[in-house]
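The primary structure of each chain is shown beneath.
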Amino acid sequence: MSDAKAVADRLMKVKRLNALLTPPKDLRKSLSVQAAAARPTGVLYGMPVAVKDNICTLEFTTSCGSRILEGYRSPYDATAIAKLKAAGALIAGKTNCDEFAMGSSTEHSAYGRVIHPLDKTRVPGGSSGGSAALVGAGVVPAALGSETGGSVRQPASFCGVVGIKPTYGRVSRYGLVAFGSSLDQIGVLGRSVHDAARVLSVISGRDSRDATCEDRDPLRLPTVPESLQGFVVGLPREYFPPELDPAVRRACERAVRLMKEQGAAVREVSLPHTAYAVPTYYVIAPAEASSNLARYDGVRYGPRFDGAADLRTLYRTTRGQGFGPEVRRRILVGTYVLSAGYYDAYYRRAQQMRALIAQDFRNVFDRGVDLLFTPTTPTPAFKAGEKLGDPIAMYLSDIFTVTANLAGLPAMSIPIGQVKGLPIGGQLIGQAFLEDEMIEAAYALERVVPATDEA
Amino acid sequence: MGSGWETVIGLETHVQLRTKSKMFCGCSTAFGAPPNTQVCPVCLGLPGALPQPNGAAIKLAVRAALALGCTVHPKSIFARKNYFYPDLPKGYQISQHEQPLATSGSLSFIAPERAAVTAGIIRLHVEEDAGKSIHDRFPKATAVDLNRSGVPLIEIVSAPDLRSPAEARAYLLTLKQLLEYLGISDCDMEKGSLRVDANVSIRRAGATELNTRTEVKNINSFAFVEKALTVERDRQIALVESGGSVTQQTMLYDSKENNVRPQRAKEESHDYRYFPEPDLPPLVLTPEFVAEQQSDLPELPSAKRDRFAAQYALSREHAAVLTASRTVAEYYENVVHAGAEPQAAANWVMTEALADAKDHQEELRVPAVALAQIVALVKGGTLSHQAAKRVFGEVASKGGDPRTVAEALGLVQVADANVLAGWVSDVLGAHASEVGRYKNGETKLMSFFLGQVMRASKGKADPKLAQRVLEEKLAS
């Protein structure tokens with residue numbers, strides 16, 4: 001078990017990353033209290049786990065990287081947090097993120113951007129950028145993030161760590177501050193496949209507080225397989241477009257070769273509706289967000305931006321000043337696509353497209369493919385500010401990850417190489433509730449991929 | 001006000017379900033607790049909280065739908081109705097929209113002007129209540145009480161089948177009776193457990209088209225239903241007759257002024273942006289579950305009324321009074337089962353028992369068995385009707401066995417001919433001139449003598465026997 005003080009010291013040393021929102025004093029104090037209370041018999045006894053700021057914890061504030069929840073203390077623990085505590089883990093502070101998890105670079109936090117642990121000019125990815133940066137910097141073995149369209153896998157890829165998004169319904173969302181409820185899942189970032197998987201195993205399983213959480217036992221941790229004999233890995237051609245970054249392509253090709261060498265059968269497959277995934281996502285997620293974020297109105301909690309003469313002004317000033325530009329943009333888009341007269345053209349069509357995208361995956365899996373392998377992101381970590389002025393370019397950095405959220409499938413990113421010191425991630429997409437198979441393949445790949453070499 | 005107009009009314013009724021806990025969390029639904037004490041992260045809409053559907057509420061909603069003859073759908077969808085208001089903590093209400101729990105039922109009732117009417121029920125859906133905004137508690141500020149936030153409701157939407165304000169009231173009373181019978185709701189308008197909005201339009205008598213309607217809101221009591229709708233109907237008629245036309249808008253009823261005023265434009269024309277609630281899977285009801293609810297339904301008021309009339313040989317009016325509430329109906333049947341003759345039991349329940357209950361918080365204070373004994377004592381000649389009423393009152397306030405009470409009060413009728421003969425002799429002796437007139441053919445004086453005997457006996461004389469003794473003595 002880690003010494004609480006040592007953990008706190010390590011966290012403080014990487015202050016320059018701006019990855020942690022919890023003040024040092026609070027963190028030190030809480031860690032020693034938690035360490036004293038932790039259950040020695042728990043499977044994660046003493047393991048420090050940093051937690052994204054959009055997951056409710058009794059310790060520390062839960063601000064979702066937003067002004068509108070500045071200083072907000074949750075009166076309850078998210079189910080995932082309660083399960084972590086029951087397993088003896090320590091909540092090692094709250095990590096910076098894009099405001100309400102909306103973003104792919106962690107530049108959209110009201111509390112400043114997070115610095116990439118390996119290159120201060122670059123972004124760590126997002127929206128779970130703070131969690132990815134802390135794990136990438138070797139400060140904590142694992143951290144919780146959340147995904148709506150790739151917010152665990154994309155920063156994991158950028159920061160050279162493992163990131164798992166489980167099947168929709170595998171982990172309770174109770175206490176995860178909602179963004180796009182039909183897409184949201186809590187995910188785990190870990191130093192290794194094992195670290196991520198064992199945390200996932202602890203937080204998974206049924207929860208009566210979340211009606212969308214499946215009535216299933218917690219995920220059983222698979223063992224490291226001898227080989228990949230018997231695995232059929234599909235390579236969806238839509239995920240290897242001509243404009244794919246050459247270094248990313250080379251790293252993927254090497255990973256595929258390594259999987260074949262371990263006995264996997266590899267097949268090219270097609271997911272024909274892939275091109276529609278990003279536009280579909282950017283209708284559904286903002287629509288749900290526009291409703292989910294309606295509760296932040298300054299009436300019951302969070303700062304109230306005062307001077308309001310009447311109710312409308314109170315709403316307008318609180319929400320106008322409390323939300324940042326990206327959140328406001330998405331609320332506007334979401335309100336628009338749900339409006340009378342536009343619902344059928346946008347929201348209903350997006351739901352139909354979502355069904356087609358999910359069907360693409362079923363078709364491939366029905367034809368004997370066990371897993372899909374793709375790049376996690378089209379490029380390695382980009383420069384800070386590079387995509388801030390161009391929302392579409394920013395949205396496209398999730399092009400390979402949003403599909404798994406739309407289809408509700410488990411997916412993970414693992415490091416498969418580097419280019420000019422910047423990590424590259426490879427993505428495995430599994431079948432619903434077969435995280436164990438996906439994790440087995442990841443173990444096998446992790447064992448043979450030289451993550452630190454040039455691809 | 002011109003005649004020749006027909007009113008067209010449809011009602012949207014919100015009914016609070018009688019569950020212990022709220023629709024999507026475990027908080028209590030009890031009325032009257034201190035503000036904001038029956039709340040949790042879910043019904044406060046705190047960040048990260050999620051709804052968990054209440055099975056008991058679903059059960060009651062399905063029963064209501066079945067009692068209204070609706071088709072209960074095997075799959076219905078919860079939807080979010082989005083709007084901003086301080087007493088709506090999530091910024092949306094969880095309701096049902098495109099696929100409601102149940103559709104196409106009906107409710108039959110007796111309307112004052114048209115006798116038997118069957119109004120269509122378009123839909124019945126489940127939703128959660130909002131909190132309460134309190135505007136008159138603090139000067140220049142509005143307080144919000146979220147105890148009611150998340151309390152389960154059903155909304156019952158009638159077809160525009162009601163033709164007058166009185167008919168709307170009759171529909172509502174019948175609906176209330178049905179829901180109370182089934183234990184679905186308290187239907188207490190004053191406590192807000194039943195709320196009604198009305199869609200009102202007018203047309204020329206005999207016309208079939210539907211004209212522009214207004215929605216009348218803020219009808220807070222049964223007493224105001226008819227008044228509010230009459231005011232709005234009259235307003236529309238006056239408007240159209242003076243060359244104007246009705247605009248579609250929401251009218252708020254003011255019970256103090258007995259008038260309606262249009263809601264400010266700002267307060268209405270919401271685009272609720274309904275979409276399926278992603279936090280809740282579709283509500284799936286198995287045929288077995290629905291069948292079980294159907295078979296668990298108690299006898300409905302109309303069926304009970306018909307049965308009472310037939311089984312106990314009662315008039316329809318009496319049967320209707322006795323079945324108006326389930327409690328009274330059960331009480332009546334218990335009185336009959338305890339041996340009372342049905343018509344006599346009906347008379348006693350409808351007069352003495354209901355009058356007493358009215359003065360005592362609707363409590364039926366005389367046990368059914370005791371009332372049956374009182375009825376039997378009258379029938380057997382032990383008690384006069386007047387004496388029996390006193391016994392009833394005594395048992396109601398102090399309890400006790402009716403016969404013992406009657407004896408203690410000295411009310412048991414005297415049927416002993418010797419005792420009666422003494423009272424008769426006294427009376428005849430004291431009224432010699434009347435005796436003379438009687439013997440001369442003025443036989444209607446018999447009731448005078450009988451009254452005197454009753455007075456002399458302080459009401460204890462058995463009137464039939466006393467008359468026979470009188471006749472004998474006067475004949476001699």
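Everything discussed here concerns the structure shown above.
One structure accompanies this document, and this report is about it. In this text, all values refer to a predicted model and were calculated from it rather than measured experimentally.

Regarding the overall build of chain B
Argument step 1. Helices and strands together make up the secondary structure of chain B, namely 15 helices and 16 strands.
Argument step 2. Taking 476 residues into account, the globule formula puts the C-alpha radius of gyration at 23 Å, and chain B, at 30 Å, lies well above it.
Argument step 3. With respect to the three principal axes, the spread of C-alpha positions in chain B is 95 × 55 × 50 Å.
Argument step 4. Taking all 476 residues of chain B together, 51% fall into the buried category.
Argument step 5. Long-range contacts, defined as pairs at least 24 residues apart, comprise 68% of the intrachain contacts of chain B with a sequence gap of at least 6.
Argument step 6. Surface exposure of chain B reaches about 21800 Å², of which carbon and sulfur atoms provide 51%.

Notes on the sheet that holds strand β5 (residues 92–96) of chain B
All names here are of chain B.
Argument step 1. Here three strands make up an open sheet; going across it, the order is β5-β4-β15 and the pairing antiparallel. Strand pairing shows two members of the sheet lacking a second neighbour, β5 and β15 (275–276), which therefore form its edges.
Argument step 2. The pairing of strand β4 (residues 78–82) with β5 spans five bridges and is antiparallel. Considered in β5, the bridge of Asn-82 is made with Tyr-92.

Topic: the interface of chain B and chain A
A common measure of how large an interface is: the accessible area buried when the components associate.
Argument step 1. On the chain A side, the residues contacting the 33 residues of chain B number 39 residues.
Argument step 2. The junction of chain B with chain A conceals about 2900 Å² of combined surface from both sides, 57% of it contributed by carbon and sulfur atoms.
Argument step 3. For chain B, the biggest contributors to the area lost against chain A are Pro-47, Phe-84 and Arg-273 of chain B; these three give 22% of the whole.
Argument step 4. On inspection of chain B and its partner chain A, the count reaches two salt bridges.
Argument step 5. Here Arg-173 of chain A makes a salt bridge to Asp-279 of chain B, at a shortest N to O gap of 2.9 Å.
Argument step 6. Along the contact surface separating chain B from chain A lie 16 residue pairs in polar contact (both at pLDDT 80 or more).

What about helix α8 (residues 342–359) of chain B?
Residue and element names in this part refer to chain B.
Argument step 1. Under the 1.5 Å per step criterion, the end-to-end length of α8 is 25 Å for 18 residues, consistent within 8% with the ideal 26 Å.
Argument step 2. Of all the bends in α8, the greatest measures close to 35 degrees and is centred on Val-349.
Argument step 3. Every buried residue of α8 is listed here: Ala-344, Ala-345, Ala-346, Trp-348, Val-349, Met-350, Ala-353, Asp-356 and Ala-357.
Argument step 4. Residues of α8 that are buried in the fold lie against α6 (316–322), α7 (326–337), α9 (368–379) and α10 (385–398).
Argument step 5. With a side-chain oxygen lying 3.2 Å from the backbone nitrogen of Gln-343, the N-terminal cap of α8 falls on Glu-341.

Examining the nonpolar core
Argument step 1. Leu-84, Phe-100, Leu-144 and Phe-373 of chain A together with Tyr-171 of chain B are the most contacted members of the largest nonpolar core, which totals 219 residues.
Argument step 2. Core analysis: the second largest hydrophobic core is formed by 41 residues, Val-328, Ala-345, Leu-364 and Val-405 of chain B among them.

Re empty space enclosed by the protein
All names here are of chain B.
Argument step 1. The tally for this structure, following the rule as stated, stands at six cavities of 30 Å³ or more.
Argument step 2. Considering only enclosed or pocket space, the largest cavity measures out at about 90 Å³ in volume.
Argument step 3. Along the walls of the largest cavity sit 13 residues, with Phe-24, Val-42, Pro-51, Lys-90 and Glu-128 positioned nearest its centre.
Argument step 4. Residue classes in the lining of the largest cavity are distributed as eight nonpolar, two polar and three charged.
Argument step 5. The residue inventory of the lining of the second largest cavity, partitioned by class, reads four nonpolar, seven polar and two charged.

Describing the pairing of strand β11 (residues 194–204) of chain B
Residue and element names in this part refer to chain B.
Argument step 1. The element β11 is largely enclosed, with a buried count of nine among its eleven residues.
Argument step 2. Pairing of strand β1 (residues 5–16) with β11, which is carried by eleven bridges, proceeds in the antiparallel orientation. Bridge assignment links Ile-9 to a residue of β11, and that residue is Val-200.
Argument step 3. Relative to strand β12 (residues 214–219), β11 runs antiparallel, the two being bridged by four bridges. In the strand pairing of β12, Val-200 is matched with Thr-214.

Details of unusual backbone geometry
Argument step 1. Ser-127 of chain A follows Gly-126 of chain A through a cis peptide bond whose omega is 10 degrees.
Argument step 2. For Ser-127 of chain A, the location among the structural elements is in the loop between β2 (90–95) and α4 (129–136).
Argument step 3. With a phi angle near 60 degrees, Cys-64 of chain A is a residue other than glycine that sits in the positive phi range.
Argument step 4. Here Cys-64 of chain A shows up in the loop between β1 (48–52) and α3 (79–86).
Argument step 5. One non-glycine residue, Glu-362 of chain B, lies in positive phi territory at about 65 degrees.
Argument step 6. Locating Glu-362 of chain B in the fold gives a position in the loop between α8 and α9.

The rules we used
- Residues numbered from 1 in each chain as written.
- Chains lettered and ligands numbered in written order.
- Predicted model: local features only at pLDDT ≥ 70, side-chain atom pairs only at ≥ 80, totals over all residues.
- Heavy atoms only, no water.
- Helix = DSSP H or I, 4+ residues; strand = E, 2+ residues; numbered from the N terminus.
- Rg over C-alpha atoms; globule rule 2.2 N^0.38 Å.
- Buried < 20%, exposed > 50% of the residue type's maximum accessible area, 1.4 Å probe, protein only.
- Contact = heavy atoms within 4.5 Å.
- Areas by Shrake-Rupley, 256 points an atom, 1.4 Å probe, with all protein chains shown as cover.
- Pairing = 2+ DSSP bridges.
- Buried area = accessible area lost by both parts, 1.4 Å probe.
- Salt bridge = Lys/Arg side-chain N within 4 Å of Asp/Glu carboxyl O.
- Polar contact = N/O pair within 3.5 Å; in protein donor to acceptor, adjacent residues only side chain to side chain.
- Expected span 1.5 Å × (residues − 1).
- Bend = angle between axes of the 7 residues up to and from the residue.
- Core = buried A, V, L, I, M, F, W, Y, C linked by side-chain atoms within 4.5 Å.
- 1 Å grid on protein atoms, 1.4 Å probe; cavity = no way out; pocket = protein on both sides within 12 Å on 5 of 7 lines; lining within 4 Å.
- Points joined across faces, edges and corners; volume = space filled by probe spheres on them.
- Nonpolar A, V, L, I, M, F, W, Y, C, P; charged D, E, K, R; others polar.

Just distances and angles here, no functional claims.
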